[in-house]
Structures are given as structure tokens and as C-alpha cells.
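What follows is the residue order along each chain.
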Amino acid sequence: MMTSENSWIVAWSNALGFPEGLPQWLYAVGALISVFVFVVVPSGGLMSYLERKLAADLQARVGPNRTGPAGLLQPIADLFKLLQKESRVDWSWKENLWLSVHTMALYSTLAVLPLGSMAVLVNTEMSVFLPFWSALVLALGTMLLGLSQNSVPGWFGGIRVAAQTLAGSFPALISLLCTGVRSGSFRWSALAESQGFSPWEWTVFANPFQMVAFSVFVMSGLVLLAIPPLDGGLSMSDIHGGVSSHLYGRRLSLFQFGRFYGFFFWSVITVVLFLGAWDLPAQVTVSLKAGGANQVLALLELIWLLLKTFGLMLLIVWVAKVNSRSRVDQITDFTWKVLSPFSLFALVGASLWAGWRAI
Amino acid sequence: MNLTQPESLKTDLTTWIIGPYHGSLPAPMRLSLSLDGEMISDCHVETGFLHRGLEKSCELHSWKAAVAYSDHLDPECAIFGELVLCLAVEQLSELEVPERAQSIRVILSELARISGHLSFMVRMAKAVGSETIIHYLLRDRERILDLFELLTGARFSLNFLRFGGVSADVTDGFIERVLEVCELIRIRMKEYNDLFTFNFGFLKRTAQVVPISKRLVLASGMTGPNARASGIELDVRKKFPYSGYSKLDFSVPVGRGDSGILGDVHDRFLIRLREITESMEILKQLLDVVPSGEYLNRKFKRDFVVPAGEAYARVESSRGLLGCHVVSDGGPTPSRVQFRTPTVANLMAIPQVVRGIRIEDLPVVLASLDLGIAEADR
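This is a predicted model, so every value here is computed, not measured.

Some points on helix 12 (residues 342-354) of chain B
All names here are of chain B. Between its first and last C-alpha, helix 12 extends 19 Å over 13 residues, near the 18 Å set by a 1.5 Å rise per residue. Of all the 13 residues making up helix 12, 10 are buried; the element is thus mostly covered by neighbouring parts of the structure. Among all positions in helix 12, only Pro342, Thr343, Val344, Ala345, Asn346, Leu347, Ala349, Ile350, Val353 and Val354 are buried. Positive backbone phi, approximately 90 degrees, marks Gly356, located one or two places after helix 12.

Take a look at the structure:
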């Protein structure tokens with residue numbers, strides 16, 4: 001796993017004062033933990049704050065404004081509140097098991113989360129497809145978590161999540177192929193190199209078919225991971241929470257943060273595939289590299305990537321807050337009958353386009 | 001029956017008992033569902049969780065106190081309970097109501113109707129999972145509650161009507177404020193239409209979903225907006241005018257099947273939206289010419305006694321026909337006070353309405369029936 005591309009981990013750990021020559025697995029674990037602690041968790045806090053403030057603005061409310069300046073510490077307060085709740089006694093081992101599977105499946109994607117040209121841990125031809133494996137295991141974990149709850153909301157929630165995930169994975173996978181057709185590779189680095197800083201160099205604007213693929217990819221991702229507004233599987237009003245209706249306290253915070261993380265990693269992937277990845281203006285990259293300021297470059301890339309990610313996420317949140325929630329059968333209908341044909345259309349079109357350009 | 005879905009998934013039946021307290025229920029009630037896959041094959045409704053013995057309480061206290069009890073009939077639109085009781089008692093004791101008092105009563109009724117319909121839309125929005133409009137609607141309903149507070153001092157339990165009139169004259173600036181609120185809601189109608197009526201997601205959840213046939217409406221005795229949505233033109237304000245409604249020029253919206261099928265959830269929603277417009281029309285006409293004079297019949301005194309006999313009055317509440325039957329033996333307390341509330345008929349219809357629908361539609365259907373469980377359980 002440790003290739004020359006991963007020297008960034010060593011460089012960072014040396015810069016932070018860790019001794020050189022540590023075993024490779026230690027570097028990998030350290031990298032995963034730091035990505036989680038320094039990127040994912042703060043993003044979760046920030047996004048939950050931004051989401052609540054945006055929703056409050058849209059809904060003619062004030063939103064959080066008591067905890068810290070302008071309510072900035074609200075996510076932390078919420079986390080501590082959930083953590084100090086006592087847990088239920090009659091919690092079954094099955095529920096524990098499936099919540100663990102659910103959580104592990106989610107965070108296994110940390111290894112493939114692309115966060116910058118110098119922050120890609122697993123950069124193989126298969127990297128792009130690994131999140132799909134996780135999403136399917138995630139759906140399995142969520143489904144069984146629901147089924148093990150011994151209540152009707154749990155059963156229905158579990159089955160609906162499974163139906164949604166199965167429906168969503170097909171168009172998502174097909175539209176993903178479109179990007180590979182353009183870049184010629186499924187390595188994160190190759191996908192990023194095929195794009196640029198200016199929006200006109202982004203894959204999404206490369207040709208009309210990529211535009212279609214982008215739309216399909218975003219929507220099918222919402223279906224696949226049951227993210228609002230297409231979250232019928234998890235939170236229809238009749239089952240009132242569904243899978244998570246029995247969870248509270250620490251387990252609820254674990255589950256909800258997992259849901260945020262699913263949304264986050266899907267948005268990161270979308271940005272990397274379609275919206276210009278972490279690409280900064282070429283002269284900035286060159287001059288920073290020439291100056292040896294690799295850490296600065298990595299940080300700038302990360303910030304630029306996260307800015308675009310948050311923008312995309314807030315856009316989706318906006319749509320979700322304003323619109324009604326669709327029924328699960330409508331979601332799966334839409335996914336199979338509309339998104340899937342469009343994804344195939346986009347793939348054929350993008351292939352022809354690439355072939356025509358090659359000639 | 002849901003026309004977009006197959007009728008049966010051919011699986012074994014599951015039993016699911018929802019309630020009495022559950023997020024998908026608009027009010028405390030217990031539904032025992034038999035589920036065939038995700039389709040509801042049978043439903044049994046159990047109510048009575050909000051029983052407070054209102055009718056009995058009326059018998060135990062003075063006639064005047066009965067007004068205060070009757071406005072707990074439906075906490076959301078308190079004025080209708082008071083009004084129907086007052087009308088019945090006035091009929092029995094042949095008490096004239098001054099014109100000014102009648103106008104004030106109608107102003108309050110129509111404001112309550114708008115506020116009740118806004119609450120209905122909030123429940124619809126919750127059922128379809130549309131978050132933003134809930135806050136818009138509640139913001140506008142607050143303005144109406146402010147008006148109630150300005151006039152009566154209370155926002156919900158008004159306790160404002162008296163036999164033979166109302167308890168106080170309109171305060172300064174009240175009429176201007178009502179006009180302001182009407183204008184505000186007229187402007188906000190565009191928002192409601194954008195976020196609801198013409199919204200693709202909302203149409204997906206409501207259009208052609210669970211229509212109620214005219215036959216079922218007649219069989220179950222449903223009245224009010226639910227009946228009118230199914231094409232039955234029944235409005236107490238037109239058919240048995242009271243409090244001077246006969247002098248007002250307004251039309252009664254009837255379901256048109258705008259989304260394809262008459263009497264579906266979308267029709268039931270739309271009829272309320274159109275009724276809000278009509279109510280504002282009524283308010284504008286009334287406010288132009290509020291007659292001067294007394295606001296209370298001076299024959300109504302502290303030692304007011306209702307002569308022996310019985311009387312029945314009905315009003316059009318925001319949910320339908322609200323009737324009140326009073327019996328007096330000439331004593332200081334009512335001998336019997338009985339209400340006919342529209343929600344009871346809606347509850348009776350639920351088992352037939354929900355048979356064959358998907359359980360995901362259940363909250364939407366329940367919200368669209370506008371169940372005021374407080375007035376059904378009373």
C-alpha cells in the first residue's frame with residue numbers, strides 16, 4: 001500500500017516530530033485517524049452548523065445563536081449532550097453487531113477518501129469503486145440493524161433501505177464509468193489531472209453527456225445512501241425514524257454522524273470526479289512545488305476541495321429543506337426507470353465523444 | 001384505493017398497532033392495521049384518548065360556564081364551539097343578537113377558519129416531510145392569533161362570546177389590523193402555491209392519492225371541506241345561514257379534480273387553500289361596513305335563565321358541520337348539551353378510506369382528513 005505517492009504521510013509525520021522509520025502500518029493507521037479527526041469530524045460540526053443556519057434563514061427563523069459566538073459551538077454542545085445520555089439495558093447483541101458493521105463499512109472508505117494530490121492513501125485503478133463496496137455493506141448493516149429491532153418501523157425501514165440501495169447503485173456505477181472514459185483511468189490522481197482549476201476544465205462541463213452523468217451521479221448517490229430529499233428509506237413519516245427509531249444517546253450520535261459521513265464522502269467523490277477535484281491554478285501549484293512548500297500546497301488543495309464539497313452539500317440541503325420527501329416506491333421507480341436509462345445514455349454518449357476526440 | 005399501485009403483494013398479513021401516540025398520527029388515537037406487505041388490508045380505529053367529559057361538565061355548571069367549556073371542544077378553532085352553543089341558547093331563549101355583535105362573531109369565525117386551515121396545511125407539510133413551509137405557515141398563523149389576543153386577550157381559548165352578543169366591543173385599530181393580515185396572507189398565497197400546490201414533490205405525494213368517493217362521503221356523513229372536495233356542495237353558511245352570512249356575497253369552493261381524480265388528497269388540500277381566499281373575501285366585505293350599535297343584548301344579565309325546552313343550532317366550522325343540541329329544564333344549569341362534531345364522521349370513514357393504500361400514504365391521508373381529535377373525543 002505504501003508507494004512513493006504516499007510519502008506525504010512520512011513527510012507529515014516527520015514534520016510533526018515523530019521518529020523516522022516507523023512500520024508502514026503505523027503510518028497508515030495514523031493517516032486514517034488524522035483524516036478522521038482533522039478533516040471529517042470538523043467538517044461534520046461545521047456542516048451541521050451551516051445546515052442549521054441556512055435552514056433557519058430559509059425558514060424565517062433565527063437558528064442556533066446561544067452557544068458560543070453566533071451559536072458556533074452548538075454542534076459540540078449537541079455531541080456532548082448525546083454522549084452523556086445513559087444507554088438502554090435491553091440492547092441486543094444483534095443490534096450492537098449491525099451497528100458496528102454499519103459503522104465499520106462507513107469508515108472503511110476513509111482509506112480511499114481523496115483529499116488532495118498529496119493526500120491520497122489508496123490510489124489504484126480500483127480506488128473509485130471501493131466506496132461502492134462500502135455503500136453496499138453499509139446498506140446491509142443498516143438493513144439488518146432495522147430487521148434486528150423487532151419492531152415494524154425497524155423492519156420496514158430496513159427493507160426500504162435495501163430496496164433503495166439496490167436501485168441507486170446501478171445508475172451510480174454507470175455514471176461513474178463516464179468519468180473514467182474521459183480521464184482514461186480510475187486513479188484519483190488521473191481523474192484530478194484530467195481536470196483543472198477553471199470550471200471550463202471540469203469534467204461536468206466537458207460535454208453534455210458528462211453533464212447528464214453528473215446529475216445522475218449526484219441523484220443516485222442520494223438514493224444509494226438515503227440522503228434527504230431522497231431519504232424515504234430512512235425517514236418516512238409513517239415509520240417515524242425507521243432504522244434509527246430505537247437508537248438514542250451515543251448510538252444515535254454514532255448513527256447520525258455516520259449518515260453525515262456518507263453524505264460527505266459522496267460529495268467529496270462527486271467533486272473529485274466531476275467538479276475539478278482539488279486542482280488549483282497551474283501556476284500556484286508549480287510555484288509552491290518549486291518552492292518546496294508541499295504542506296502549504298496540500299492544505300490549499302484540501303481547503304479548495306472542501307469548499308466545493310460544502311457548496312454542493314448545501315445546495316442539496318437547500319433542495320431537501322424546501323421539497324417534500326418522496327415515497328420509497330417513487331424513489332426506486334425514478335431510479336430504475338429514469339436515472340438508469342439516462343446513465344446508460346450518458347455512458348454511450350461519453351464513449352462516442354471520447355472516441356471521436358481520439359480520432 | 002390507490003390507483004398507481006397493484007392491489008396486493010400476496011404476502012402474509014402483518015399486524016401493526018400504531019398509537020395512541022405516534023409521529024405519523026395527527027392526534028392521539030390507536031390504529032390497528034393489518035398489513036399485506038406494505039398495503040393496508042384492514043384498519044380498526046380506536047379513539048377516546050382525549051376524552052375530557054365536556055358535555056357532562058356543561059351540565060354541572062351554569063349556562064354561562066358552558067361557553068367556556070364549549071371553546072375547549074376544538075382548541076385550535078375555539079370560536080366555533082362557543083358560537084354554536086350561543087346560537088342554540090339564543091334560539092331557545094329567543095334572544096336577539098345585535099348586528100354589530102353578529103359581525104364581530106363572523107369576523108372571529110372567518111379568522112378562526114383561516115387559522116384552522118393554516119394548521120391543517122402545517123400537518124400536511126409534516127406528513128409529506130416538507131419542512132420549510134411549516135415555518136412559513138406558523139409564522140402567518142401567529143398573526144391571526146395576535147388578532148385574537150388583541151380582541152379577546154387570549155390566543156386559543158377565547159371565551160369571548162356571550163348569549164346575545166360578544167363580551168367586548170372591537171378595540172381601536174382592530175379592523176385595520178385584520179385588513180393588514182388579510183393583505184399579508186394574500187401575498188403569502190404565492191409562497192404556499194409555489195411550495196405546495198404546484199410543487200412537483202408535493203403533487204407526487206398527493207395527486208391522485210386516496211380519493212374519497214361521493215358515495216363514501218354520503219354514507220359516512222362527512223361534511224365540510226372533505227365533503228366539498230369530493231364534489232358535494234354542502235356549506236352550512238349557505239344552506240342554513242346564521243349570524244348574517246346570508247347578507248354576504250361569497251362562493252363555496254367545490255372540488256374540481258384538478259389533479260385528475262375528484263376528491264383525492266390534493267383536492268382536499270386545495271379546497272382549504274381556496275377557502276382561505278373566500279374567507280378573506282368575507283372579511284373584507286364585513287370590515288367595510290361593521291354596523292354600529294350595541295355589542296351585547298342588554299337582556300342578558302347575571303341572573304340569565306334559559307326557558308325550558310330544547311334547541312338545535314349548527315355552524316360551519318373549519319372541519320365541517322358542527323351542531324349543538326341544548327336541553328333546558330328552566331334551571332340554572334343546562335339539562336343536556338350535546339355536540340355533533342364533523343371529525344367523528346371522518347374517523348368513521350378511515351377504515352374504508354385507508355383500505356388498499358400503502359402505509360407510506362397513511363400519514364398523508366390522515367393529515368388530509370383534518371382530524372380534530374379533541375372535538376371527537378370531547
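What follows picks up the thread again.
With respect to the sheet that holds strand 7 (residues 321-328) of chain B
All names here are of chain B. The strand order across the open sheet built from 3 strands is 6-7-8, with neighbouring strands paired in antiparallel fashion. Bordering the open sheet on either side are strand 6 (309-316) and strand 8 (336-340), each of which pairs with just one other strand. For this sheet, the mean inter-axis angle between neighbouring strands, taken without regard to orientation, is 15 degrees. By the bridge criterion, 8 bridges tie strand 6 to strand 7 in an arrangement that is antiparallel. Its bridge partner lying in strand 7, Ala313 is registered against Cys324. The sheet contacts of helix 3 (residues 78-93) involve strand 6 and strand 7, and relative to strand 6 the element is tilted by about 145 degrees.

Thoughts on the environment of Val289(B)
Within the secondary structure, Val289(B) is located in the loop between helix 11 (265-288) and strand 6. Distance in space between the C-alpha atoms of Val289(B) and Arg100(B) is 9.7 Å, their sequence separation being 189 residues.

Focus: the packing of helix 6 (residues 152-183) of chain A against helix 13 (residues 328-358) of chain A
All names here are of chain A. One can describe the packing of helix 6 onto helix 13 by two numbers: an axis separation of 8 Å at closest approach and a directional angle of 10 degrees. Here helix 6 is positioned roughly parallel relative to helix 13, judged by the angle of their axes. Pair helix 6 / helix 13 crosses with left-handed handedness. Across the contact of helix 6 with helix 13, the residue classes break down as 17 nonpolar, 8 polar and 2 charged.

Describing the interface of chain A and chain B
Across the boundary between the two partners, chain A contributes 18 residues, which contact 24 residues of chain B. The residue inventory of the side of chain A that touches chain B, partitioned by class, reads 6 nonpolar, 7 polar and 5 charged.

Observations concerning the environment of Leu286(B)
Within the fold, Leu286(B) resides in helix 11. Other than its neighbours up to four places away in sequence, Leu286(B) contacts Ser103(B), Val106(B), Ile107(B) and Leu248(B).

Some thoughts on the pairing of strand 3 (residues 39-46) of chain B
Residues and elements named next belong to chain B. In this structure, strand 2 (residues 30-36) lies alongside strand 3, joined through 7 bridges in antiparallel fashion. By the bridge assignment, Leu33 is partnered in strand 3 with Cys43. Hairpin remark: strand 2 followed by strand 3, antiparallel, with 2 residues in the connecting loop; positive phi at Gly37, about 65 degrees.

Thoughts on the sheet that holds strand 1 (residues 13-18) of chain B
Residue and element names in this part refer to chain B. Read across the sheet, 3 strands follow the order 1-2-3 without closing on themselves; strand pairing throughout is antiparallel. Only two strands of the sheet have a single partner each, and these edge strands are strand 1 and strand 3. Averaged over neighbouring strand pairs, the angle between their axes works out to 20 degrees when direction is ignored.

A few points about the packing of helix 2 (residues 24-58) of chain A against helix 3 (residues 74-83) of chain A
Between two packed helices, what matters for the description is the angle formed by their axes and the separation of those axes. Residue and element names in this part refer to chain A. Remark: helix 2 packs on helix 3, axes separated minimally by 8 Å, with the N-to-C direction vectors making an angle of 110 degrees. With respect to helix 3, the element helix 2 is oriented roughly perpendicular. The handedness of the crossing between helix 2 and helix 3 comes out as right-handed. Side by side, helix 2 and helix 3 meet where Gly45, Ser48 and Tyr49 of the first sit next to Gln74, Pro75 and Ile76 of the second. Taken together, the residues that form the contact of helix 2 with helix 3 break down as 3 nonpolar, 3 polar and no charged.

Remarks on the nonpolar core
Ranked by size, the top nonpolar core spans 108 residues in total, and within it Val84(B), Ala88(B), Val89(B) and Val365(B) carry the most contacts. Of all the elements, helix 4 (residues 99-128) of chain B adds the most residues to this core, at 15 residues. Ignoring any residue separated from it by four or fewer positions in sequence, one finds Val89(B) in contact with Trp63(B), Phe163(B), Val306(B) and Val326(B). Membership of the second largest hydrophobic core comes to 88 residues, among which are Leu115(A), Met118(A), Leu191(A) and Trp278(A).

A few points about the confidence of the model for chain B
Confidence in the prediction of chain B, expressed as mean pLDDT, is 85, and 97% of residues score 70 or more. Two numbers describe this predicted complex: its pTM, 0.85, and its ipTM, 0.80.

A short note on helix 3 of chain B
If you check helix 3 of chain B, its first and last C-alpha atoms are 23 Å apart, about what 16 residues at 1.5 Å a residue would give, namely 22 Å. Just downstream of helix 3 of chain B lies Glu94(B), where phi reads positive at about 50 degrees.

So, unusual backbone geometry
Leaving glycine out, the prevailing phi sign among residues is negative, and the prevailing peptide bond configuration is trans. Of note, the bond from Pro228(A) into Pro229(A) is cis; its omega dihedral lies within 30 degrees of zero at 5 degrees. Looking at the secondary structure, you find Pro229(A) in the loop between helix 8 (208-224) and helix 9 (232-235). Unusually for a residue other than glycine, Ala277(A) sits at a positive phi of about 45 degrees. Here Ala277(A) shows up in the loop between helix 10 (249-274) and helix 11 (282-290). Owing to 27 C-beta atoms within 10 Å, Ala277(A) belongs among the buried residues under this scheme. For Asn159(B), which is not glycine, the phi torsion reads 50 degrees and is therefore positive.

The rules behind these values
- Residues numbered from 1 in each chain as written.
- Chains lettered and ligands numbered in written order.
- Predicted model: local features only at pLDDT ≥ 70, side-chain atom pairs only at ≥ 80, totals over all residues.
- Helix = DSSP H or I, 4+ residues; strand = E, 2+ residues; numbered from the N terminus.
- Expected span 1.5 Å × (residues − 1).
- Buried ≥ 20, exposed ≤ 12 C-beta atoms within 10 Å, placed from the backbone.
- Pairing = 2+ DSSP bridges.
- Axes fitted to C-alpha atoms, helices over the stretch in contact; angles between N-to-C directions.
- Contact = placed C-beta atoms within 7 Å.
- Parallel < 35°, antiparallel > 145°, perpendicular 65-115°, else oblique.
- Left-handed = near helix turned anticlockwise from the far one by under 90°.
- Nonpolar A, V, L, I, M, F, W, Y, C, P; charged D, E, K, R; others polar.
- Core = buried A, V, L, I, M, F, W, Y, C linked by C-beta atoms within 7 Å.
- pLDDT = per-residue confidence, 0-100.

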